[in-house]
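Working through the structure, step by step
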Number of protein chains: 4
Amino acid sequence: MDTTPTPDPGHGYAAHKEQLLKRLRRAEGQVRGVAKMVEEDRYCIDVLTQISALRAALDKVALGLVEDHVRHCMVKGNEQDRLGRADELVQSIGRLVR
Amino acid sequence: MDTTPTPDPGHGYAAHKEQLLKRLRRAEGQVRGVAKMVEEDRYCIDVLTQISALRAALDKVALGLVEDHVRHCMVKGNEQDRLGRADELVQSIGRLVR
Amino acid sequence: MDTTPTPDPGHGYAAHKEQLLKRLRRAEGQVRGVAKMVEEDRYCIDVLTQISALRAALDKVALGLVEDHVRHCMVKGNEQDRLGRADELVQSIGRLVR
Amino acid sequence: MDTTPTPDPGHGYAAHKEQLLKRLRRAEGQVRGVAKMVEEDRYCIDVLTQISALRAALDKVALGLVEDHVRHCMVKGNEQDRLGRADELVQSIGRLVR
């Protein structure tokens, strides 16, 4: 049993965890909705519109995580920790931008 | 009885329907996987990496649909039909690019 | 000397050529403006804001070209030509989306 | 004489200034190259390919700036400063992702 209050960087989104899970459940429903449209042979442009909406929703989730992480890693930890996280963060942003 | 060879734009992805549904089921599993990571308080950078992978998977689905649609709407239908679909397609691409 | 009015696919944007050139000249000015900001050691977030504006301007140029091309290649040429252009177009869109 | 360790946020990219300016000059040349292609009525797909290359080059510049900024604002300044910059950074990333 771990009860020590170690600085756990995984808790950057702790305050928004429920909101995050709600958004992800909604995104899951959106993916199912897209699959249903395909099953029903719906018009491809309409399917694409729904995929774009899903992508926008996921981008919002991702940016929320980036925000929590930036606000977290800029505040907690010492300089050395922050430098290490900076590299991870930049790589992560690079994957989102491309 | 309809025997005219009317273009049915909904069937642009007919040939890839099973592949498309398989990809969407996988994407649904990916969203659930991301939600599980959040539930388990996993490190936000790792969650972001999975969201980027999910986004890339959805982009692939979207581009597959665009491909089917372009190949379909450029072949079937008369000039008038194609012009109408061109506008839809361009708007749809605009939503994907931004 | 080539005087034959062959269907030249390069003329998809002929009607918008002046508008296109004007936008590109403006984009060139924007790049120079960003360089000037860097030379003057301006704040990096402000430089990033200008790069985002430039990117949005270039996306608009790209989407305008896609629109002209789609409207062109869906109307001109025979089925065979259109199929060939469809592949190019989809690859081109793929490069824009990623 | 200023001996206070005030954080100067404008110097995040100081170490890469020359590289940055070189990249921006190259990007300026790329925009001019695209304009020349349009003037010469080159094929729109080829123009689009060059615009995609230009966009990729600008994304690289932007990510370099983000990296310098993150490494800078995570190291210099006090907690209060870092929190303020965190918001700016997240907004800036949001503009790049969309």
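Scroll up to find the structure.
Described in the following lines is the structure provided in the data block. (Residues numbered from 1 in each chain as written. Chains lettered and ligands numbered in written order. Predicted model: local features only at pLDDT ≥ 70, side-chain atom pairs only at ≥ 80, totals over all residues. Heavy atoms only, no water.)

On to the pattern of salt bridges. When charged atoms on two side chains of opposite charge get close, those side chains can pair. Counted under the stated rule, the structure contains 32 salt bridges over all chains. Linking Arg32(B) and Glu28(B) is a salt bridge whose minimum nitrogen-to-oxygen distance equals 3.1 Å. Pair noted here: Arg32(B) and Glu28(B) are both in helix H1 (residues 17–39), with a separation of 4 residues, about one helical turn. Measuring nitrogen to oxygen at the nearest pair gives 3.0 Å for the salt bridge that ties Lys36(D) to Glu40(D). By relative accessible area, which is 49% here, Lys36(D) ends up partly exposed. (Salt bridge = Lys/Arg side-chain N within 4 Å of Asp/Glu carboxyl O. Helix = DSSP H or I, 4+ residues; strand = E, 2+ residues; numbered from the N terminus. Buried < 20%, exposed > 50% of the residue type's maximum accessible area, 1.4 Å probe, protein only.)

The next subject is the side chain of Lys17(B). Tracing the chain through its elements places Lys17(B) in helix H1. At a separation of 3.0 Å, a polar atom in the side chain of Lys17(B) contacts the main-chain carbonyl oxygen of Glu39(A). Dropping the residues within four chain positions of it, Lys17(B) is found in contact with Val38(A), Glu39(A) and Asp41(A). (Polar contact = N/O pair within 3.5 Å; in protein donor to acceptor, adjacent residues only side chain to side chain. Contact = heavy atoms within 4.5 Å.)

This brings us to the relation of the copies chain A and chain B. When chain A is fitted to chain B, the best match, at an RMSD of 0.0 Å, comes from turning it 180 degrees and sliding it 0.0 Å along the axis. Taken together, the rotation and translation describe the operation of a two-fold axis. Taking C-alpha positions as reference, the residue of chain A nearest the rotation axis is Glu28(A), located at 2.9 Å. When you check the interface residues of chain A against chain B, 100% turn up at the interface there too, and the contact is symmetric in its surfaces. (Least-squares fit on C-alpha atoms with pLDDT ≥ 70 in both.)

All right, on to the nonpolar core then. Counting 120 residues, the largest nonpolar core has Leu65(A), Leu65(B), Leu65(C) and Leu65(D) as its most contacted members. Sequence-distant contacts of Leu65(A), that is, excluding residues within four places in its chain, are made with Tyr13(A), Leu20(A), Cys44(B), Val47(B), Leu48(B) and Ile51(B). (Core = buried A, V, L, I, M, F, W, Y, C linked by side-chain atoms within 4.5 Å.)

It is common to report an interface's size as the accessible area lost on association of the parts. Every contact between the two is made by 44 residues of chain C and, on the other side, 44 residues of chain D. Between chain C and chain D the total buried area reaches about 4,200 Å² when both faces are included, carbon and sulfur atoms providing 67% of it. When the buried area of chain C at its contact with chain D is split by residue, Tyr43(C), Leu48(C) and Arg55(C) rank highest and sum to 16% of it. Scanning the region where chain C abuts chain D turns up 6 salt bridges. (Buried area = accessible area lost by both parts, 1.4 Å probe.)

A few words now on unusual backbone geometry. Outside of glycine, negative phi angles account for most residues, and trans bonds account for most peptide bonds. The phi torsion at Asp41(A) lies on the positive side, around 55 degrees, for a residue other than glycine. Within the element layout of this structure, Asp41(A) appears in the loop between helix H1 (17–39) and helix H2 (44–73).

Before going further, it helps to spend a moment on the interface of chain A and chain B. Residue-level contacts link 44 residues of chain A with 44 residues of chain B. Buried area between chain A and chain B, summed over both chains or domains, comes out near 4,200 Å², and the portion from carbon and sulfur atoms is 67%. When the buried area of chain A at its contact with chain B is split by residue, Tyr43(A), Leu48(A) and Arg55(A) rank highest and sum to 16% of it. Linking chain A to chain B there are 6 salt bridges. Measuring nitrogen to oxygen at the nearest pair gives 2.4 Å for the salt bridge that ties Arg55(A) to Asp59(B). Counting across the interface, chain A meets chain B through 16 residue pairs in polar contact (both at pLDDT 80 or more). Secondary-structure elements contributing two or more residues to the side of chain A that touches chain B are H1, H2 and helix H3 (79–97) of chain A. At 16 residues, H2(A) tops the list of elements feeding residues into the side of chain A that touches chain B. Looking at the side of chain A that touches chain B, its residues break down into 25 nonpolar, 7 polar and 12 charged. (Nonpolar A, V, L, I, M, F, W, Y, C, P; charged D, E, K, R; others polar.)

Turning to the side chain of Ser52(D), a few remarks are in order. Within the fold, Ser52(D) resides in helix H2 (residues 44–73). In this view, Ser52(D) contacts Arg95(C) and Leu96(C); residues no more than four positions away in its chain are not counted.

Below, the discussion takes up the relation of the copies chain C and chain D. Overlaying chain C with chain D gives an RMSD of 0.0 Å, the required rotation being 180 degrees about an axis along which the chain moves by 0.0 Å. Of all interface residues in chain C, 100% are interface residues in chain D too; the two copies therefore contact each other through one and the same surface.

This brings us to helix H3 (residues 79–97) of chain B. Residue and element names in this part refer to chain B. Over its 19 residues, H3 runs 26 Å from end to end, which matches the ideal 27 Å to within 8%, given 1.5 Å per residue. Buried residues of H3: Arg82, Arg85, Ala86, Leu89, Val90, Ser92, Ile93, Gly94, Leu96 and Val97, and no others. By the N-cap criterion, in which a side-chain oxygen at the helix start approaches the backbone nitrogen of a residue two or three places on, H3 is capped by Asn78, the distance to Gln80 being 3.2 Å. (Expected span 1.5 Å × (residues − 1).)

So, on to the environment of Glu40(B). Considering the arrangement of structural elements, one finds Glu40(B) in the loop between H1 and helix H2 (44–73). Spatially, the C-alpha atoms of Glu40(B) and Leu21(B) are 29 Å apart, while their sequence positions differ by 19 residues.

A separate point is the packing of H2(A) against H3(B). The N-to-C vectors of H2(A) and H3(B) enclose an angle of 15 degrees; their axes lie 9 Å apart at closest approach. The angle between H2(A) and H3(B) places the two elements in the roughly parallel class. Of the two possible hands of crossing, H2(A) and H3(B) adopt the one that is left-handed. Each of Ile45(A), Leu48(A), Thr49(A), Ser52(A) and Arg55(A) in H2(A) lies in contact with H3(B), whose residues at this interface are Glu88(B), Leu89(B), Ser92(B), Arg95(B) and Leu96(B). Split into classes, the residues belonging to the contact of H2(A) with H3(B) amount to 4 nonpolar, 3 polar and 3 charged. (Axes fitted to C-alpha atoms, helices over the stretch in contact; angles between N-to-C directions. Parallel < 35°, antiparallel > 145°, perpendicular 65-115°, else oblique. Left-handed = near helix turned anticlockwise from the far one by under 90°.)

Residue and element names in this part refer to chain B. Tracing the backbone shows Glu79 in helix H3. Exposure remark for Glu79: the relative accessible area of 43% places this residue in the partly exposed category. In sequence terms Glu79 and Lys60 are 19 residues apart; their C-alpha atoms lie 29 Å from each other.

Just distances and angles here, no functional claims.
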